[in-house]
Amino acid sequence: MNTLELIVPCFNEEEALPAFYESVAPVLSSLKGVNASFIFVDDGSRDNTLGAIKDFCRKDGKSKYISFSRNFGKEAAMLAGMKMSRADFVGIIDADLQHSPELISDMLKAVTEEDYDIAAARRLDRRGEARIKSAFSRSFYKLINKISDADIEDGAQDFRIMKRKVVEAIVSMPEYNRFSKGIFSWVGFKTKWFEHENRERVAGKTKWSFWKLFSYAVDGIIGFSTAPLKISLIIGTCTSILGFLYALYTIVKTLIFGADVKGYPSIICAILIVGGLILISLGITGEYVARMYMEVKNRPDYIINETNIIPDRGYFKGE
Ligand code: UDP
Ligand code: MG
């Protein structure tokens, strides 16, 4: 029989997990034709998330868990789950019930019976989200799709079920700075989209602050596009051309009308503008260099503290 493993990244989800397990576990056992189970990834939670996860594993006897030595982020949690899964179909779902569990059986059908490799969820609206956040998200998607070679659907979520070959492709991408939304779309494959409405989190609170989202957006742009480097080149070129024209104008003017000491403000303006542009382009280059530095260090994406999965031979039950 085919197997399905559902990866659940959890960071301080003690409050949400019981409700999650209660509503998703019955869905998994009701699936026909597959042997479905969970892979919980405890992303260095500081509350009793790991305890709750271990209880679930004991209860159903087939759930697996991975626990990190500290918080490595959702990207690392998803990657760990995908690397350690050996199932024919691999899914990802949030622990806060914002991803509708009712969709799971239709999503599975899309990859088993229909001719799709990925079944992924996309949210219909951004209800319940601050207006400024929606505006920023929308412009981010527009920008990244324009300047990068990954085509990211607006509203695409990590909630998905994938065939083994898709997971292999994703796991084979060795980059340290992982921007999953970009990676998911970059690997390609035939995707069926499932639309669903934005829901409130069942308990606990979101781990995303505005600044975290902003740096996530910067990661996405830098990870999937070199356009910012070109932009600084273009702006640099334009200002130098302007500078040369101005120099020419000054020379001609001096030859005709003689020199005067006026022009102090224009010099200061030019220094400030050009200095600023140089710093901006250095900063942009720096962002790329910093990421190259992290890539070259080749650090692991996460460190596992504890798991009931034995690499390359299934997993063992209990502790
Ligand atoms: N998450 C994680 N590590 C983190 C942050 C979040 O594993 O550092 C998990 C979290 O437990 C949840 C999912 O990622 O299952 C989505 O997080 P959250 O609900 O905070 O994000 P939002 O839904 O607000 O985008
Ligand atoms: Mg959430």
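Our structure is the block above this text.
For every chain, the first residue of the written sequence is number 1, and numbering continues from 1 onward in sequence order. By the order in which they are written, chains take letters starting at A while ligands take numbers starting at 1. Local features are withheld for residues below a pLDDT of 70 in this predicted model, meaning they are given only at 70 or higher, and side-chain atom pairs are given and counted only at 80 or more; totals for whole chains, interfaces and linings count all residues. Side-chain measures here rest on the full set of heavy atoms in the structure, leaving out hydrogens and waters.

A. Structural detail: the side chain of Lys64. When you line up the elements, Lys64 lands in strand β3 (residues 64–68). The class for Lys64 is buried, based on a relative accessible area of 8%. Here Glu5 takes part through its side chain, which lies 2.3 Å from a polar atom of the side chain of Lys64. Counting from the N terminus, the helices are the DSSP runs of H or I reaching at least four residues and the strands are the DSSP runs of E reaching at least two. Burial classes: relative accessible area under 20% of the type maximum marks a residue as buried, over 50% as exposed, and values in between as partly exposed (1.4 Å probe, protein chains only). Pairs of N or O atoms within 3.5 Å make up the polar contacts considered here, provided that, within protein, one atom can donate a hydrogen while the other can accept it, and that residues adjacent in sequence are counted only when both atoms are side-chain atoms.

B. Inspection of the site of ligand 1 at higher detail. Lining the immediate surroundings of ligand 1 are 16 residues, of which Pro9, Glu13, Asp43, Asp96 and Thr206 lie closest. Between ligand 1 and the protein, one listed contact pairs an oxygen atom with a side-chain N or O atom of Asp96 at 2.7 Å. Measuring from an oxygen atom of ligand 1, one finds a side-chain N or O atom of Gln98 at 2.7 Å. When ligand 1 is considered free in solution it has 530 Å² of accessible area, and contact with the protein chains removes 88% of it. As a working rule, the residues Ala, Val, Leu, Ile, Met, Phe, Trp, Tyr, Cys and Pro are called nonpolar, Asp, Glu, Lys and Arg charged, and the rest polar, with Gly in that last group. By residue class, the composition of the shell around ligand 1 is five nonpolar, four polar and seven charged. Near is defined per residue: the residue qualifies when any heavy atom it owns lies within 4 Å of the molecule or strand. Each accessible area value is a Shrake-Rupley result obtained with a 1.4 Å probe; residue values ignore everything except the protein chains displayed when judging cover.

C. Looking closely at the coordination of the magnesium ion (ligand 2). Sodium, potassium and calcium take a 3.2 Å donor cutoff, other metals 2.8 Å, and in both cases only N, O and S atoms count; water is not among them, so sites may look incomplete. For the magnesium ion (ligand 2), every protein donor is listed as Asp96 (OD) and Gln98 (OE1), and the spread of their distances is 1.9 Å. By relative accessible area, which is 3% here, Asp96 ends up buried. Given a relative accessible area of 26%, Gln98 falls into the partly exposed group.

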